[in-house]
Amino acid sequence: MKQMLLSATMLATLAFAGAPALAQTAAPTLDGAKPLVVGHRGAAGHRPDHTLEAYKTGIAMGVDFIEPDLVSTKDGVLVARHEPMMSGTTDVSTRPEFASRKTVKKIDGIDTNDWFASDFTLAEIKTLRAKQPFDDRDQSYNGKFEIPTLQEIIDLAKSESARTGRTIGIYPEIKHSTFHSALGLAIEDKLLEQLKAAGWSEKSSPVIIQSFETANLKYLRGKTQLRLSQLVDADDVDKDGNIVLAAPFDRPYDFAVLGDKRTFKDLLTPEGLKEIKTYADIVAPWKPYILAAKQVIGEDGKPKDLNGDGKIDDQDRVLIQPTNVVKDAHAAGLYVHTWTFRSEPKRLASNYKGDPVAEYKPYFDLGIDGLFSDFPDHAVKARDGK
Ligand SMILES: [Ca+2]
Ligand SMILES: [Ca+2]
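A.B. asks: I'd like a description of the packing of helix α5 (residues 150–164) against helix α7 (residues 188–197), backed by residues and values.
C.D. replies: Two elements in contact, α5 and α7, have axes whose closest approach is 11 Å; the angle formed by their N-to-C orientations is 30 degrees. By the criterion of interaxial angle, the relationship of α5 to α7 is roughly parallel. α5 and α7 meet at a crossing whose hand is right-handed. Here L150, Q151 and I154 of α5 come into contact with α7, specifically with L191, Q194 and L195. In terms of residue class, the contact of α5 with α7 is built from four nonpolar, two polar and no charged.

Listed below in structure tokens is the structure:
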């Protein structure tokens with residue numbers, strides 16, 4: 001009898017709670033909207049990054065935004081590359097006609113020996129072909145695709161928006177602002193001009209501008225209503241899941257130049273977040289700042305090989321307690337976007353049991369407002385269930 005009464009009470013409670021329960025399942029994002037899925041470098045897990053084909057792949061998989069990283073050519077044209085150094089993502093090192101262009105430049109204070117986009121005209125860059133920089137990813141598209149200009153990417157976002165009936169936004173990253181400015185090839189004003197010509201200058205425009213530096217975002221705040229996103233980097237995660245800071249990934253490079261001792265970690269304190277809110281709409285920390293994983297140390301003092309495959313990697317780590325970063329950022333009025341979700345089993349903590357879709361859930365539960373994924377198909381499936 002008692003059991004029956006309980007069941008009846010439970011049923012009544014469930015029925016009564018129908019509507020509020022639905023409201024409670026709304027995403028714990030800052031504004032209650034679904035988290036945005038940003039196709040990282042297009043869909044970098046599927047195609048060589050920062051090619052029109054990579055962006056199209058991401059769009060076909062349902063992204064809200066595509067992400068071009070922007071560098072400048074010698075003749076001042078904005079093109080999409082992950083870095084101004086081009087050997088990692090193109091065939092430039094195999095081109096005898098460009099052999100003599102290999103040179104040493106300082107990037108964020110580090111001497112770097114490579115081929116730099118800023119030493120090539122757009123016409124020269126258009127003769128290069130993209131390649132997949134991750135050895136463990138599909139190499140079959142190498143040598144097939146061009147390096148796109150920002151204009152071609154804007155045009156793609158517009159034509160794909162019209163074709164699909166969805167709004168495909170762009171989330172450009174200004175790469176190495178200090179480096180480009182010192183060469184007389186500053187990116188900021190050119191970017192704003194091109195976006196304005198595309199009809200994009202409002203807060204509601206389908207554009208978010210991101211940077212690891214701060215001074216350029218502050219400068220942009222004075223010139224545009226477009227949404228701005230402060231990236232927050234680090235060097236690594238230690239065995240216990242703690243963030244490791246080491247130059248040049250320890251602080252925004254404009255801080256390093258000015259002798260400002262604050263680190264990326266300092267940007268994520270309640271005080272740091274409050275300052276970001278004065279010039280940006282979004283804070284975008286590397287995901288271990290939100291939820292990290294640690295190694296499990298055995299009695300021999302060595303990390304345990306949890307999955308028994310004879311190697312120690314991310315699969316042998318377990319999640320630790322999440323931080324307060326999302327909560328603190330929301331309290332400061334900032335949206336939180338995080339990066340980068342990568343589906344390969346060796347890049348997934350033990351808790352996910354090799355299922356890349358499972359990785360998104362704890363971050364969604366913590367209330368992230370957006371994410372960058374190399375595998376947007378998995379991100380969309382995790383968010384929408386399809
Ligand atoms: Ca980027
Ligand atoms: Ca292992």
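A.B. asks: Lay out the coordination of the calcium ion (ligand 1) in plain terms, naming residues and giving numbers.
C.D. replies: For the calcium ion (ligand 1), the full set of protein donor atoms is E67 (OE), D69 (OD), D69 (OD) and E173 (OE), and the range of their distances to it is 2.2 to 3.0 Å. Summarised as a motif, the one-chain spacing of the donors to the calcium ion (ligand 1) is E-x1-D-x103-E. With respect to class, E67 is no different from D69; both count as buried.

A.B. asks: Would you mind going over the coordination of the calcium ion (ligand 2) in detail, with residue names and values included?
C.D. replies: D305 (OD), N307 (OD1), D309 (OD), K311 (O), D316 (OD) and D316 (OD) make up the full set of protein donors to the calcium ion (ligand 2), lying at 2.2 to 2.6 Å. Between consecutive donors of the calcium ion (ligand 2), the numbers of intervening residues give the motif D-x1-N-x1-D-x1-K-x4-D.

A.B. asks: Just give me the short version of the environment of E67, but keep the residues and values in it.
C.D. replies: By the element assignment, E67 lies in the loop between β2 (65–66) and β3 (69–72). E67 gets classed as buried once you look at its relative accessible area, which sits at 2%. When the C-alpha positions of E67 and A80 are compared, they lie 9.1 Å apart, and in sequence the two are 13 residues distant. If sequence neighbours within four positions are ignored, E67 has contacts with V38, G39, H40, R41, G42, H50, Y55, Y171, E173, Q210 and F372. Within the structure, the side chain of E67 is placed 2.8 Å from the side chain of Q210, a separation counted as a polar contact.

A.B. asks: Tell me about α7, and please be specific about residues and values.
C.D. replies: Residues spaced three or four apart along an α-helix face the same direction, because each turn holds 3.6 residues. Within α7, the full set of buried residues consists of E188, L191, L192 and L195. Projection of α7 onto a plane perpendicular to its axis shows the buried side chains occupying an angular sector of 95 degrees, all on one side. Projecting away from the buried face of α7 at angles above 90 degrees are the exposed residues E193 and A197. Following α7 by one or two positions, G199 has its phi on the positive side, about 90 degrees.

A.B. asks: Let's hear about the environment of E344: which residues, and what values?
C.D. replies: Mapping E344 onto the fold places it in the loop between β16 (335–341) and α13 (360–366). Taking the C-alpha atoms as reference points, E344 and Y171, separated by 173 residues in sequence, lie 24 Å from one another. Aside from chain neighbours lying at most four places away, what touches E344 is D136, R137 and F375.

Conventions used here
- Residues numbered from 1 in each chain as written.
- Chains lettered and ligands numbered in written order.
- Predicted model: local features only at pLDDT ≥ 70, side-chain atom pairs only at ≥ 80, totals over all residues.
- Heavy atoms only, no water.
- Axes fitted to C-alpha atoms, helices over the stretch in contact; angles between N-to-C directions.
- Helix = DSSP H or I, 4+ residues; strand = E, 2+ residues; numbered from the N terminus.
- Parallel < 35°, antiparallel > 145°, perpendicular 65-115°, else oblique.
- Left-handed = near helix turned anticlockwise from the far one by under 90°.
- Contact = heavy atoms within 4.5 Å.
- Nonpolar A, V, L, I, M, F, W, Y, C, P; charged D, E, K, R; others polar.
- Donors = N, O, S within 2.8 Å, 3.2 Å for Na, K, Ca; no water.
- Buried < 20%, exposed > 50% of the residue type's maximum accessible area, 1.4 Å probe, protein only.
- Polar contact = N/O pair within 3.5 Å; in protein donor to acceptor, adjacent residues only side chain to side chain.
- Arc of directions from axis to C-beta.

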